[in-house]
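# A closer look at the structure
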Amino acid sequence: MDWLYAIVYGVVEGITEFLPISSTGHLILTGNLMGVPWTKEVKDAFEVVIQGGAILSVLVYHWRDFLQIRHIGHDKSQQNLWLGVLVATIPAVVLGLLFGDTIKANLFRPSVVAWALIVGGVLMWLIESRRVRPSVTDIEQIGVPKSFLIGLLQCLALLWPGFSRSASSILGGMILGLDRQTATKFSFYLGVPTLGGAALKNLYDERDLIFGEIGLTNVLIGSVTSFVVAYLAIGWLLRFVSTNNFKGFAIYRVIVGIIILALVAAGVMQNGSLA
């Protein structure tokens, strides 16, 4: 059955990684509802490695944009864009190295994730209910100061598991004046170094577990599934935000959060640390 778990995890990871609905919360639900027999260490390692498939989908989907980096030596807009991405990544790297293990040991539990989903959903609704005209409509116009602030706000997902990295960066961008499409696209860009760095570090640290207990075949199945589904999800989300707001995601987050709390209250899901 390991191959089936690999496919399901890949589908869930691919759908939820870049949508503002928390991949952490959905992977917790998936593991519990399916009764996946893997140990916590195996599940953690597998989730990290298939995240690489989702990250790769961003590079492939936006390959023309990423290829423009070759002009960075003489293109001011490219310099500002990639300097902004780099600066926005720094807060998450610093906080992750300093407090990542502590946060994971103390806050990585279903009830915390559930409340993060609910609170994030309420904030998303409130932000979308504002009547504010965006001042930034192109990713190359964001600038370094706003990029750094988005990077700081992205850390909310690290400090509060379940809030969602994509939600915190997209909402942060919208608060700072980015329109919905630009904030979403910048969140994709920011995910490459943020998630890519974390995935590579964990892949190295847990290489024996990943390739020993999980197996190369299951790793490939999960990663390829994650890549394909994430690629489709990125295209769908960009089309969606061009004509719709995030209020539907806000409602969905609250519902999923309530489901997790109900499962914990019913004893179906244990509320102990997931670390």
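Remember, predicted model here, so these are calculated numbers, not experimental data.

Analysis parameters
Residues numbered from 1 in each chain as written. Predicted model: local features only at pLDDT ≥ 70, side-chain atom pairs only at ≥ 80, totals over all residues. Heavy atoms only, no water. Axes fitted to C-alpha atoms, helices over the stretch in contact; angles between N-to-C directions. Helix = DSSP H or I, 4+ residues; strand = E, 2+ residues; numbered from the N terminus. Parallel < 35°, antiparallel > 145°, perpendicular 65-115°, else oblique. Left-handed = near helix turned anticlockwise from the far one by under 90°. Contact = heavy atoms within 4.5 Å. Phe/Tyr/Trp six-rings, centres within 6.5 Å; stacked < 30°, edge-to-face > 60°. Buried < 20%, exposed > 50% of the residue type's maximum accessible area, 1.4 Å probe, protein only. Salt bridge = Lys/Arg side-chain N within 4 Å of Asp/Glu carboxyl O. Patch = residues over 30% accessible without salt bridge, like charges linked within 9 Å, V, L, I, M, F, W, Y side chains within 5 Å. Areas by Shrake-Rupley, 256 points an atom, 1.4 Å probe, with all protein chains shown as cover. Core = buried A, V, L, I, M, F, W, Y, C linked by side-chain atoms within 4.5 Å.

Another point: the packing of helix 5 (residues 76-107) against helix 10 (residues 180-205). The contact between helix 5 and helix 10 brings their axes to 9 Å, and the two run at 40°. Put simply, helix 5 runs oblique to helix 10. For the pair helix 5 and helix 10, the sense of crossing is right-handed. Listed contacts from helix 10 to L81, W82, G84, V85, A88, T89, A92 and L97 of helix 5 are F186, Y189, L190, P193, T194 and K201.

So, on to the packing of aromatic side chains. Tallied over the entire structure, the rule returns 15 aromatic pairs. Here the aromatic rings of F66 and Y189 are separated by 4.9 Å at their centres, their planes lie at 20°, and the arrangement is stacked. Of this pair, F66 sits in helix 4 (residues 63-67) while Y189 sits in helix 10, and the two are 123 residues apart along the sequence. Residue class for F66 comes out buried when judged on its relative accessible area of 14%. Overall, the relative accessible area of 2% leaves Y189 in the buried class. Residues W236 and F249 carry aromatic rings whose centres are separated by 6.2 Å and whose planes lie at 85° to one another, so their mutual orientation is edge-to-face. Of this pair, W236 sits in helix 12 (residues 216-241) while F249 sits in helix 13 (residues 247-265); the two residues are 13 residues apart in sequence, bridging distant segments of the chain. Of the residues examined, W236 reaches a relative accessible area of 38% and is grouped as partly exposed. Judged by relative accessible area, F249 falls into the buried class, the value being 10%. Three or more aromatic residues link up through ring pairs in this structure, and these residues are Y5, Y9, W38 and F46.

Looking now at the pattern of salt bridges. Enumeration according to the criterion identifies two salt bridges in this entry. Two residues, D65 and K185, come together in a salt bridge whose shortest N-O distance is 3.1 Å. Remark: K185 occurs in helix 10 and D65 occurs in helix 4; sequence separation between them is 120 residues. A relative accessible area of 27% places D65 in the partly exposed class. Since its relative accessible area comes to 23%, K185 is described here as partly exposed. The partner of E128 in a salt bridge is R180, and the shortest N-O contact between them spans 2.8 Å. Pair noted here: E128 is in helix 6 (residues 110-128) and R180 is in helix 10, with a separation of 52 residues, a long-range link.

As a further point, take a nonpolar patch on the surface. Taken together, the side chains of L56, L59, V60, V224, V228, Y231 and L232 make up a nonpolar region of the molecular surface, amounting to roughly 570 Å² of accessible area. For the nonpolar patch, the secondary structure elements donating two or more residues are helix 3 (40-61) and helix 12. Mapped onto the fold, L232 is located in helix 12.

Counting residues in hydrophobic clusters, the biggest one holds 40 residues, and the most contacted among them are F18, F186 and F246. Taken together, the elements giving at least two residues each to this core come down to helix 3, helix 5, helix 6, helix 9 (165-175), helix 10, helix 12 and helix 13. Tallying contributions element by element places helix 10 first for this core, with eight residues. The residues contacting F18, other than those within four sequence positions of it, are A54, I55, S57, V58, R165, S166, F188, L195, A230, I234 and L237. Formed by 16 residues, the second largest nonpolar core is a distinct cluster that contains V36, A45, I50 and I210.

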